[in-house]
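Close look at the chain arrangement
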Amino acid sequence: MQSPIFHHTVTPAQERFARQGSHMLRVALGQGDDVLARAGSMVAFEGMVEFDGEYQPPGRERRQHQAGEALPLMRCYGQGSVWFANLAQHVHVLDVDHEGLTVDSSYVLALDAHLSWDVVSVESQYGIPGVGTHNLVISGQGQVAITTSGQPLALRVTPERYCSADADAVVAWSTSLRVQMQAQTSSKPIWRRRGATGEGWELSFMGDGHVVVQPSEMLPPQHTSHGEQLHFRQGAGPGLNQGGAWGPR
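Considering the overall build of the protein chain
Within the protein chain, the regular secondary structure consists of one helix and 17 strands. Looking at the protein chain as a whole, 46% of its 249 residues qualify as buried. For the protein chain, the exposed surface amounts to about 12,800 Å²; the carbon and sulfur share of it is 53%.

Quick look at the structure:
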């Protein structure tokens, strides 16, 4: 049997987290090198690898439920390699290296099991209930793989140069950055996209770090399975990453 499809072979790599093309992640597993991955994201593996649902402490599980920032994880361990993917999204590997990463849980594909993570509230200078909602903060020293819809833009933020981005397009940022919301009006239209511009709220970043922005204002579909209709979360209701309209959940 011959076909150009057989040119797409395993990419040799020495790194523990290595991209396989643009849309897959390969993680090498060894003794004590467990990896946590988005539940259901395994597409292939080789070797002696096992998968277990990851236990969540009751406090963290309660905070996730209250914030709507769920991150269903599975623990992968053993000897071998595992390939992960989520709906053919672009995959990127980041070294956290004590800087800390703030990221929407919808974009987390896999992370080193020894990293710490929890749900935090992103505060708003306007004090509007539900604004900024909640994200994940991942800290420690290790690697995280995130996904984006299309090739992202990484913006450098310095004390001399701050940046702003559409709240629905922001994927992640350095935890060291200060975050504020920006709006050009304080009247009723703040609860929906401003006028006819199609633009909602922006997040403004100050300090020293990076911001990752994707070329899409939609979250990836979640919890899909064969035969199930895909659902996008944009515009599903008020709050961050929901059409730029902020308000109580």
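A short note on the packing of aromatic side chains
For any two aromatic rings, the description comes down to two numbers: the centre-to-centre distance and the angle of the planes. If you walk through the whole model with that rule in mind, you get two aromatic pairs. Aromatic side chains F45 and F51 sit 5.4 Å apart centroid to centroid with 70° between the ring planes, which places their arrangement in the edge-to-face category. You can call F45 partly exposed: its relative accessible area is 39%. Centre to centre, the rings of W173 and F205 are 5.2 Å apart; their planes meet at 55°, and the pair counts as tilted. Linking W173 in strand 14 (residues 170-174) with F205 in strand 16 (residues 202-206), this pair joins segments that are 32 residues apart in sequence. For W173, a relative accessible area of 5% translates into the label buried. With relative accessibility at 0%, the residue F205 sits in the buried group.

Observations concerning the pattern of salt bridges
According to the stated counting rule, one finds four salt bridges in the structure shown. Note that D112 and R16 form a salt bridge whose closest N and O atoms lie 2.9 Å from each other. With D112 in strand 8 (residues 108-112) and R16 in the segment before strand 1 (17-20), this pair connects stretches of sequence that are 96 residues apart. Among the residues examined, D112 registers a relative accessible area of 5% and is labelled buried. D34 is paired through a salt bridge with R75; the nearest N and O atoms lie 3.0 Å apart. Separated by 41 residues along the polypeptide, D34 in the loop between strand 2 (24-29) and strand 3 (35-38) and R75 in strand 5 (residues 73-84) bring together distant segments of the chain.

Some thoughts on the side chain of Q143
Considering the arrangement of structural elements, one finds Q143 in strand 11 (residues 143-148). Relative accessible area serves as the criterion here: at 18%, Q143 is assigned to the buried category. Side-chain polar atoms of Q143 contact the side chain of D95, separated by 3.1 Å. Sequence-distant contacts of Q143, defined by excluding residues within four places in its chain, comprise R16, F17, V93, L94, D95, A110, L111, D112 and L115.

Some thoughts on the layout of surface pockets
Empty space within the second largest pocket amounts to approximately 170 Å³. Put simply, the parts of the chain that give the lining of the second largest pocket at least two residues each are strand 6 (90-95), strand 14 and strand 17 (209-213). In terms of residue class, the lining of the second largest pocket is built from eight nonpolar, three polar and two charged.

Looking at the environment of M42
Along the chain, the position of M42 falls in strand 4 (residues 42-53). Of the residues examined, M42 reaches a relative accessible area of 29% and is grouped as partly exposed. With 41 residues separating them along the chain, M42 and W83 place their C-alpha atoms 5.8 Å apart. Apart from the residues within four sequence positions on either side, M42 is in contact with F51, M74, V82, W83 and F84.

Describing the sheet that holds strand 16
Strand order in the open sheet made by the three strands is 13-16-15, with antiparallel pairing throughout. Where the open sheet ends on each side, the last strands, each with one partner, are strand 13 (163-166) and strand 15 (178-182). Taking each pair of neighbouring strands and ignoring which way they run, the sheet shows an average axis angle of 30°. The sheet contact formed by strand 15 and strand 16 spans five bridges and is antiparallel. Of the residues in strand 16, the one forming a bridge with Q182 is E202.

Here we look at unusual backbone geometry
You will see that L87, though not glycine, has its phi angle at about 55°, which is positive. Classification of L87 by relative accessible area gives partly exposed; the value is 41%. Phi angles above zero are rare outside glycine, and A88 is one such case at about 60°. Mapped onto the fold, A88 is located in the loop between strand 5 and strand 6. Judged by relative accessible area, A88 falls into the exposed class, the value being 54%.

Cut-offs and rules
- Residues numbered from 1 in each chain as written.
- Predicted model: local features only at pLDDT ≥ 70, side-chain atom pairs only at ≥ 80, totals over all residues.
- Heavy atoms only, no water.
- Helix = DSSP H or I, 4+ residues; strand = E, 2+ residues; numbered from the N terminus.
- Buried < 20%, exposed > 50% of the residue type's maximum accessible area, 1.4 Å probe, protein only.
- Areas by Shrake-Rupley, 256 points an atom, 1.4 Å probe, with all protein chains shown as cover.
- Phe/Tyr/Trp six-rings, centres within 6.5 Å; stacked < 30°, edge-to-face > 60°.
- Salt bridge = Lys/Arg side-chain N within 4 Å of Asp/Glu carboxyl O.
- Polar contact = N/O pair within 3.5 Å; in protein donor to acceptor, adjacent residues only side chain to side chain.
- Contact = heavy atoms within 4.5 Å.
- 1 Å grid on protein atoms, 1.4 Å probe; cavity = no way out; pocket = protein on both sides within 12 Å on 5 of 7 lines; lining within 4 Å.
- Points joined across faces, edges and corners; volume = space filled by probe spheres on them.
- Nonpolar A, V, L, I, M, F, W, Y, C, P; charged D, E, K, R; others polar.
- Pairing = 2+ DSSP bridges.
- Axes fitted to C-alpha atoms, helices over the stretch in contact; angles between N-to-C directions.

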